[in-house]
Amino acid sequence: MKKKENKEQGQNVPEKDKQNKKEDKLHDIICMANNLEDRDAYLIYGANDDGTIKGIQNTEKQRLKTADFIKFLRDKNFAGGFIPDIKLQTIVIDNNELDILIIRRGKHTPYYLQKDYYESSPKEKLRAGAIYTRTADINTPKECTANVEHTEYLWRKHFGYDL
């Protein structure tokens, strides 16, 4: 079944087909969940960085379902037990399928880990207690944490203070 292109506002990130590291996937999801625009965000699987649509069906990547992403997130040690709210949707453009991971706007920000996480290399680890955000098209680097202003904004959102 074909779906029309979703025109909702949100941040979009073409997912690199060559990128398979779980640390990178988790980092992207956390950054997008902590976006500073306070809206849904999207990870797009099946498009190149330049926006060229390749189609997820034309890659060698294993396709994941919403349940796979939820299990992936639940297996991580998120502070307070709060994991980002996600949903996977497939759309078809010019006979090419794109899997869109929708990271829903949440009120339990900031999302962060209670324990360091890495599977491929300690150099790639996500650090316990680090707040990762996304500003424009840039993620907070894994070895850093968000600046004080951005961290305060996310905590104010968490506690329901007027922003």
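Residues numbered from 1 in each chain as written. Predicted model: local features only at pLDDT ≥ 70, side-chain atom pairs only at ≥ 80, totals over all residues. Heavy atoms only, no water.

**Some points on the packing of aromatic side chains**
Moving on, step 1. Enumeration over the complete set of coordinates arrives at four aromatic pairs.
Moving on, step 2. Consider the rings of Tyr45 and Phe69, whose centres lie 5.9 Å apart with planes at 45°: the pair is tilted. Of the two residues, Tyr45 sits in strand β2 (residues 41–45) while Phe69 sits in helix α2 (residues 66–74), which places them 24 residues apart along the sequence. Per residue, the accessibility class of Tyr45 equals that of Phe69, and both read buried.
Moving on, step 3. Judged by centre distance (6.3 Å) and plane angle (65°), the rings of Tyr112 and Trp155 are edge-to-face. Here Tyr112 is found in the loop between β4 (96–103) and β5 (134–135), whereas its partner Trp155 is found in helix α3 (residues 148–159), with 43 residues between them in sequence. (Phe/Tyr/Trp six-rings, centres within 6.5 Å; stacked < 30°, edge-to-face > 60°. Helix = DSSP H or I, 4+ residues; strand = E, 2+ residues; numbered from the N terminus. Buried < 20%, exposed > 50% of the residue type's maximum accessible area, 1.4 Å probe, protein only.)

**Points about the pairing of β4**
Moving on, step 1. Burial analysis of β4 places seven of its eight residues in the buried class, which makes it a mostly covered element.
Moving on, step 2. The pairing of β2 with β4 spans five bridges and is antiparallel. Note on β4: the bridge partner recorded for Tyr45 is Asp99.
Moving on, step 3. Here eight bridges tie strand β3 (residues 86–93) to β4, and the two strands are oriented antiparallel to one another. In the strand pairing of β4, Leu88 is matched with Leu101.
Moving on, step 4. Between the end of β3 and the start of β4, which pair antiparallel, lie two residues, with Asp94 showing a positive phi angle near 50°. (Pairing = 2+ DSSP bridges.)

**Some points on helix α1 (residues 22–33)**
Moving on, step 1. Taking 1.5 Å of rise per residue, the twelve residues of α1 would be expected to cover 16 Å, and the 16 Å separating its terminal C-alpha atoms lies within 8% of that figure.
Moving on, step 2. Among the twelve residues in α1, eleven count as buried, and that is most of the element.
Moving on, step 3. Inspection of α1 places Glu23, Asp24, Lys25, Leu26, His27, Asp28, Ile29, Ile30, Cys31, Met32 and Ala33 among the buried residues, and these make up the whole buried set. (Expected span 1.5 Å × (residues − 1).)

**What to know about the pairing of β2**
Moving on, step 1. Most of β2 is tucked away, with five of its five residues classed as buried.
Moving on, step 2. Of the two faces of β2, the one lined by Ala41, Leu43 and Tyr45 and the one lined by Tyr42 and Ile44 are each fully buried.

**Observations regarding the packing of α1 against α2**
How two helices pack is summed up by the angle between their axes together with the distance between the axes.
Moving on, step 1. The interhelical angle for the contact between α1 and α2, taken along N-to-C directions, is 95°, at an axis separation of 11 Å. Regarding the angle of α1 to α2, the classification is roughly perpendicular. Of the residues in α2, those in contact with Lys22, Lys25, Leu26 and Ile29 of α1 are Phe69, Phe72 and Leu73. (Axes fitted to C-alpha atoms, helices over the stretch in contact; angles between N-to-C directions. Parallel < 35°, antiparallel > 145°, perpendicular 65-115°, else oblique. Contact = heavy atoms within 4.5 Å.)

**Observations concerning the environment of Ala47**
Moving on, step 1. With respect to the helices, strands and loops of the structure, Ala47 is situated in the loop between β2 and α2.
Moving on, step 2. We classify Ala47 as buried; its relative accessible area is 5%.

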